[in-house]
Amino acid sequence: MRLSYSITACSEILHAKVVGNSHTTIQHVLYDSRKIHAPENALFFALTGTKRSGEQFIADAYSKGVRHFVVTKHLDTSLFMDACFLVVSDPLQALQTLAKHHRSQFTYPVIAITGSVGKTTFKEWAFHCLSSSFHIVRSPKSFNSQIGVALSLLEMHADANLALIEAGISEAGEMERLEAMIQ
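Residues numbered from 1 in each chain as written. Predicted model: local features only at pLDDT ≥ 70, side-chain atom pairs only at ≥ 80, totals over all residues. Heavy atoms only, no water.

Ranked by internal contacts, the top residues of the largest apolar core, which has 37 residues, are Leu14, Val29 and Phe45. Taken together, the elements giving at least two residues each to this core come down to α1 (7-14), β5 (42-45), β7 (84-87), α3 (91-103), α5 (146-153), β10 (162-166) and α6 (174-182). Ala42, Phe80, Ala83 and Phe85 belong to the second largest nonpolar core, which has 14 residues in total. (Core = buried A, V, L, I, M, F, W, Y, C linked by side-chain atoms within 4.5 Å. Buried < 20%, exposed > 50% of the residue type's maximum accessible area, 1.4 Å probe, protein only. Helix = DSSP H or I, 4+ residues; strand = E, 2+ residues; numbered from the N terminus.)

Axis separation between α3 and α6 bottoms out at 8 Å; the angle between their running directions is 35 degrees. Along its contact with α3, which presents Gln96, Ala99, Lys100 and Arg103, the element α6 presents Arg177, Ala180, Met181 and Ile182. (Axes fitted to C-alpha atoms, helices over the stretch in contact; angles between N-to-C directions. Contact = heavy atoms within 4.5 Å.)

This brings us to the pattern of salt bridges. All told, the structure shown has seven salt bridges when counted by the stated rule. Ionic pairing is found between Asp60 and Lys64, a salt bridge with its closest N-O pair at 3.4 Å. Taking relative accessible area as the criterion, Asp60 reaches 30% and is therefore assigned partly exposed. On the basis of relative accessible area, Lys64 is assigned to the partly exposed category, the value being 36%. Between Glu124 and Arg138 there is a salt bridge; the shortest N-O distance is 2.7 Å. (Salt bridge = Lys/Arg side-chain N within 4 Å of Asp/Glu carboxyl O.)

The subject of this paragraph is the sheet that holds strand β4 (residues 28-30). With respect to topology, five strands assemble into an open sheet ordered β2-β7-β6-β5-β4, the strand pairing being mixed. The sheet terminates laterally at β2 (17-19) and β4, the two strands that pair on one side only. For this sheet, the mean inter-axis angle between neighbouring strands, taken without regard to orientation, is 25 degrees. For β2 and β7, the ladder comprises three bridges, and the chain directions are antiparallel. Bridge pairing in β7 places Val18 opposite Leu86. Helix-sheet contacts for α3 involve β4, β5 and β6 (68-71), and the interaxial angle to β5 is about 140 degrees. (Pairing = 2+ DSSP bridges.)

Here it is, written out as structure tokens:
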């Protein structure tokens, strides 16, 4: 990712309450404490799943050097004295808001690829056919979920002139959220 957002900018974009202090520029986002890289410039989103809360993994991410977190209002932040927390009501929605904002910074065409089957194959085929004429940002692997689309959009950068973004749904109402992000 080629992000460059101050903590202040992130808090404004996410309409988050800031707990702690930081002057770091965020260059990428994380959501899995098992896949920590460049922790000093990362913003960790504590996403809640069906079985676990992402806040269960904050201590692990913190021990690996992460100091910037997006969390819910229910976290005791006093356990991490030199960390900075952006407090929101829903970290997934916050991730999607950041992705939507980031996507709005670019005016080049974004092609959304959706359907029941063949999204990844079509995306890779289109990339292969178009890459000699365009500098393309594309969804990594088959990142087409509520999280994957957001992460894909955060890959957009000024050196590109076309984006190929996969969008898949698993329940009613999801396509509207994806459409709002992809624009």
